[in-house]
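# Overview (structure and organization)
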Amino acid sequence: MKTLAIDTSTYTLSIGLADGDVILAEQVTNVKKNHSVRVMPAIQSLMNDVEIKPEDLEKIIVANGPGSYTGVRIGVTIAKTLAWTLNIPIAAVSSLASLAASAPVIDGLVCPIFDARRGRVFTGLYRLSNGTVETMIEDRNVLVTDWCEELLQQNETILFVGQESILHEKTIAEQMGESAVFAGKAVPYTRPAALLTLGKETENDPAEVVPNYARLAEAEAKWLEANEKKTNGGE
């Protein structure tokens, strides 16, 4: 089955192509550029490289968040449009699960991190074992300090991955001590191969695939903003 994978949930653009269990091509562009103008040209270029035409595709896999509001929306929209146009199945996969699955082959707990600003992160907890990825704690938007307290209850060493985990490394290390280890630049972003693997056995109705923004409720976001202004001496 010829499959296209798309991840635009952060400013990193990750796309990949597979034929069954064979990864044909991967492309990762880790620059802050507008996804809306570069995703389709990147897909076309990658397909040309491996001599696959749109009509050859049999499935689309998309990372549907959480992550950047605009980035997630762009990826899901493009994936659904391709699936509808080509009349092929689509699979939605957690962006955080895909990042966790991009970690080195280990048996243990992996925590992917996307920065959500104001001391918050998009995150979840996954166990990697014998090439499988099991969700231990569902994806969420949470204060990093609260998250560390929850993770300490696992009583295990946890590997943190993602280039934005570096922004919170000091806080996590101070709070979790030796229970936290960091992949740092070794696992900065999702590998398309991980996304292709996770979505292989999943199939969704295109109409039911929606972005998972994992955002704060509007009232909570406004409350946090107001209190941040008070803390900083604003009105």
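In the block above lies the structure referred to throughout.
Note that the coordinates shown come from a computational prediction; the quantities given were computed from them, not determined experimentally.

### Concerning the sheet that holds strand β5 (residues 90-93)
Across the sheet, which stays open at both edges, the five strands sit in the order β3-β2-β1-β4-β5 with mixed pairing between neighbours. In this open sheet, the two edge strands, each paired with only one partner strand, are β3 (22-30) and β5. The mean inter-strand angle of the sheet, taken between neighbouring strand axes irrespective of direction, is 15°. The pairing of strand β1 (residues 2-7) with strand β2 (residues 12-19) spans six bridges and is classified as antiparallel. Bridge pairing in β2 links Ala5 to Gly16. Running at roughly 25° to β2, helix α1 (residues 35-49) makes contact with β1, β2 and β3 of the sheet.

### Re the packing of helix α4 (residues 144-152) against helix α5 (residues 169-176)
Where α4 meets α5, the closest approach of the two axes is 10 Å, and the angle between their N-to-C directions is 40°. As far as their axial angle goes, α5 and α4 are oblique. Like other packed secondary-structure pairs, α4 and α5 cross with a definite hand, here right-handed. Where α4 abuts α5, its residues Val144, Thr145, Cys148, Glu149, Leu151 and Leu152 lie against Thr171, Ile172, Gln175 and Met176. Residue classes in the contact of α4 with α5 are distributed as six nonpolar, three polar and one charged.

### A look at the packing of aromatic side chains
In the structure shown here, the tally under the stated rule is two aromatic pairs. Here Tyr69 and Tyr213 contribute two aromatic rings whose centre-to-centre distance is 4.3 Å and whose plane-to-plane angle is 20°, an arrangement assigned as stacked. Pair noted here: Tyr69 is in helix α2 (residues 69-86) and Tyr213 is in the loop between α6 (192-198) and α7 (218-231), with a separation of 144 residues, a long-range link. The interplanar angle of 25° and the centroid separation of 5.4 Å between the aromatic rings of Phe160 and Phe182 together place this pair among those described as stacked. In this pair, Phe160 is assigned in strand β9 (residues 158-161) and Phe182 in strand β10 (residues 180-182), connecting sequence segments 22 residues apart.

### Quick look at the sheet that holds β10
An order of β8-β7-β6-β9-β10 is seen for the five strands of this open sheet, with the pairing classed as mixed. Looking at the sheet topology across the chains shown, the edges are occupied by β8 (132-143) and β10. Each neighbouring strand pair of the sheet contributes to a mean axis angle of 25°, computed without reference to strand direction. Looking at chain direction, β9 and β10 are connected through three bridges and run parallel. When the sheet's bridge partners are listed, Phe160 is paired in β10 with Phe182. The sheet strands contacting α4 are β6 (108-117), β7 (120-129), β8 and β9, and the helix crosses β8 at an angle near 145°. Along the sheet, α5 makes contact with β9 and β10, crossing β10 at roughly 150°.

### Points about the packing of α1 against α2
Packing of α1 against α2 brings their axes to within 10 Å, and their N-to-C directions diverge by 40°. Comparing the axis directions of α1 and α2 gives the class oblique. The handedness of the crossing between α1 and α2 is right-handed. Contact residues: α1 offers His35, Ser36, Val39, Met40 and Ile43, while α2 offers Gly71, Ile74, Ile78 and Leu82. Per-class residue counts for the contact of α1 with α2 are six nonpolar, three polar and no charged.

### What to know about the nonpolar core
Ranked by size, the top nonpolar core spans 26 residues in total, and within it Leu4, Ile6, Ile43, Leu57 and Ile60 carry the most contacts. Within the residue set of this core, elements represented by two or more residues are β1, β2, α1, β4 (59-63) and α2. No other element matches the seven residues that α2 contributes to this core. If we ignore the near neighbours within four places in the chain, the residues touching Ile60 are Leu4, Ile6, Ala79, Leu82, Ala83, Ile88, Pro89, Ile90 and Ala91.

Rules behind the numbers
- Residues numbered from 1 in each chain as written.
- Predicted model: local features only at pLDDT ≥ 70, side-chain atom pairs only at ≥ 80, totals over all residues.
- Heavy atoms only, no water.
- Pairing = 2+ DSSP bridges.
- Helix = DSSP H or I, 4+ residues; strand = E, 2+ residues; numbered from the N terminus.
- Axes fitted to C-alpha atoms, helices over the stretch in contact; angles between N-to-C directions.
- Contact = heavy atoms within 4.5 Å.
- Parallel < 35°, antiparallel > 145°, perpendicular 65-115°, else oblique.
- Left-handed = near helix turned anticlockwise from the far one by under 90°.
- Nonpolar A, V, L, I, M, F, W, Y, C, P; charged D, E, K, R; others polar.
- Phe/Tyr/Trp six-rings, centres within 6.5 Å; stacked < 30°, edge-to-face > 60°.
- Core = buried A, V, L, I, M, F, W, Y, C linked by side-chain atoms within 4.5 Å.
- Buried < 20%, exposed > 50% of the residue type's maximum accessible area, 1.4 Å probe, protein only.

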